[in-house]
Number of protein chains: 2
Amino acid sequence: MIKPARALLLVAHGSRRASSNEEVRCLTTRLQQAGGHQFDYYASAFLELEAPDIPDGLTQLIAEGVQSIVVVPYFLAAGRHVVEDIPAEVERVQKKYPHIDIQLLPHLGAAEGISSLILNIAQNT
Amino acid sequence: MIKPARALLLVAHGSRRASSNEEVRCLTTRLQQAGGHQFDYYASAFLELEAPDIPDGLTQLIAEGVQSIVVVPYFLAAGRHVVEDIPAEVERVQKKYPHIDIQLLPHLGAAEGISSLILNIAQNT
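Residues numbered from 1 in each chain as written. Chains lettered and ligands numbered in written order. Predicted model: local features only at pLDDT ≥ 70, side-chain atom pairs only at ≥ 80, totals over all residues. Heavy atoms only, no water.

Caption draft 1: Quick look at the sheet that holds strand β1 (residues 6-12) of chain A. Residues and elements named next belong to chain A. Across the sheet, which stays open at both edges, the four strands sit in the order β2-β1-β3-β4 with parallel pairing between neighbours. Looking at which strands have only one partner, the edges of the open sheet turn out to be β2 (41-46) and β4 (101-104). Between one strand axis and the next, the sheet turns through 20° on average, direction left out of account. Of the strand pairs in this sheet, strand β3 (residues 68-73) and β4 are connected by four bridges, and their pairing is parallel. Bridge assignment links Ile-69 to a residue of β4, and that residue is Ile-102. Sheet contacts for helix α3 (residues 80-96): β1, β3 and β4; angle to β4, the most-contacted strand, approximately 175°. (Pairing = 2+ DSSP bridges. Helix = DSSP H or I, 4+ residues; strand = E, 2+ residues; numbered from the N terminus. Axes fitted to C-alpha atoms, helices over the stretch in contact; angles between N-to-C directions. Contact = heavy atoms within 4.5 Å.)

Caption draft 2: Quick peek at the relation of the copies chain A and chain B. The operation relating chain A to chain B is a screw motion whose rotation component is 180°, with 0.0 Å of axial translation and a residual RMSD of 0.0 Å. Within this description, the copies of the chain are treated as partners about a two-fold rotation axis. No C-alpha of chain A approaches the rotation axis more nearly than that of Leu76(A), which lies at 3.7 Å. (Least-squares fit on C-alpha atoms with pLDDT ≥ 70 in both.)

Caption draft 3: Summary view of the nonpolar core. In terms of nonpolar packing, the biggest core is built from 42 residues, with Tyr74(A), Ile114(A), Ile118(A), Tyr74(B), Ile114(B) and Ile118(B) touching the most fellow members. Discounting chain neighbours no more than four positions away, the residues touching Tyr74(A) are Leu10(A), Val11(A), Ala12(A), Val24(A), Leu27(A), Leu108(A), Leu76(B), Gly109(B), Ile114(B) and Ile118(B). Of all hydrophobic cores here, the second largest spans 23 residues; its members include Ala7(A), Leu9(A), Leu58(A) and Tyr97(A). (Core = buried A, V, L, I, M, F, W, Y, C linked by side-chain atoms within 4.5 Å. Buried < 20%, exposed > 50% of the residue type's maximum accessible area, 1.4 Å probe, protein only.)

Caption draft 4: Representation of the sheet that holds strand β1 (residues 6-12) of chain B within the structure. Residue and element names in this part refer to chain B. As summarised here, the arrangement of the four strands in space is β2-β1-β3-β4, forming an open sheet in which the pairing is parallel. In this open sheet, the two strands that pair with only one neighbour each are β2 (41-46) and β4 (101-104). With direction set aside, neighbouring strand axes in the sheet form an average angle of 20°. Relative to the sheet, helix α1 (residues 18-35) contacts β1 and β2, its axis offset from that of β2 by approximately 160°.

Caption draft 5: Expanded view of helix α3 (residues 80-96) of chain B. All names here are of chain B. With 17 residues, α3 should cover 24 Å at 1.5 Å per step; its first-to-last C-alpha distance of 24 Å lies within 8% of that length. At Ile-86, α3 shows its largest bend, some 25°, and a proline, Pro-87, comes one to four positions later. Taken together, the buried residues of α3 touch β1, α2 (54-63), β3 (68-73) and β4. (Expected span 1.5 Å × (residues − 1). Bend = angle between axes of the 7 residues up to and from the residue.)

Caption draft 6: Molecular detail of the packing of α2(B) against α3(B). All names here are of chain B. Viewed as axis vectors pointing N to C, α2 and α3 meet at an angle of 35°, and their least axial separation amounts to 9 Å. For the pair α2 and α3, the crossing hand works out as right-handed. Residue-level contacts link Ile-54, Pro-55, Leu-58 and Ile-62 of α2 to Ile-86, Glu-89, Val-90, Arg-92 and Val-93 of α3. Among the residues forming the contact of α2 with α3, the class breakdown is seven nonpolar, no polar and two charged. (Left-handed = near helix turned anticlockwise from the far one by under 90°. Nonpolar A, V, L, I, M, F, W, Y, C, P; charged D, E, K, R; others polar.)

Caption draft 7: Quick peek at the pairing of β2(A). Buried residues dominate β2(A), accounting for five of its six residues. Once the chain exits β1(A) it traverses helix α1 (residues 18-35) of chain A before rejoining the sheet at β2(A), and the crossover so formed is right-handed. (Right-handed = clockwise from strand over helix to strand, strands pointing away.)

Caption draft 8: Main features of the pattern of salt bridges. Under the definition given, this model contains ten salt bridges over all chains. For Arg17(B), the salt bridge is made with Glu84(A), and the minimal N-O distance between the two is 3.6 Å. Taken together, the residues Arg17(B) in the loop between β1 and α1 and Glu84(A) in helix α3 connect one chain to another. Ionic pairing is found between Glu50(B) and Arg25(B), a salt bridge with its closest N-O pair at 2.9 Å. Of this pair, Glu50(B) sits in the loop between β2 and α2 while Arg25(B) sits in helix α1, placing them 25 residues apart in sequence. Each of Glu22(A), Arg25(A) and Glu50(A) takes part in a single network of salt bridges with overlapping partners. (Salt bridge = Lys/Arg side-chain N within 4 Å of Asp/Glu carboxyl O.)

Shown next as structure tokens:
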């Protein structure tokens, strides 16, 4: 049996600054380099101001044959975008493709490891 | 000789949502618990919408007798806030207290460890 293809989709806010969106795409490349075969696809999408948006990002992965997608909100604060907007966009695509396993993770700021990361960068000063 | 007192100041954007600002204060407490004696003080300040603002946050630490402050911008993207606003606020206080060592670190999104953190939360799914 062939293992179903899995994808990681990093969802960022999106910015009017091209360099800020580029930072997100570079991070996606770094994720791919570091994660290797953990996922078959690594992609990014943006809530606003930059393409692809979340539905397009998810749909493109589904079109590639991906059957399982982990969505990571690249946000530090549990504001309206994290609590309402991103879940609503994901839900819209999930309803259209009920056979695809889409899992929306908590936002990055909720990760246990954030404090260690901050202490690490602060101690090398 | 007494070792000069050091502080870590976490600088977040600030939100209209009280829960979002509270998340930042909770993180500061977690930093204190995890970092222990790495710093003598752990505090947070906000760029806007919540007190203390950055000058107040820095000045309060200086009033406590802190001589060295590491400022960590709790931001993922190098937007205007990170590139212009935070450095300007820090510089304003630095000019007023030239004998205090204030070190502004790169924003959290620039940290090498961000990709490992994302892969960690994504692989436990």
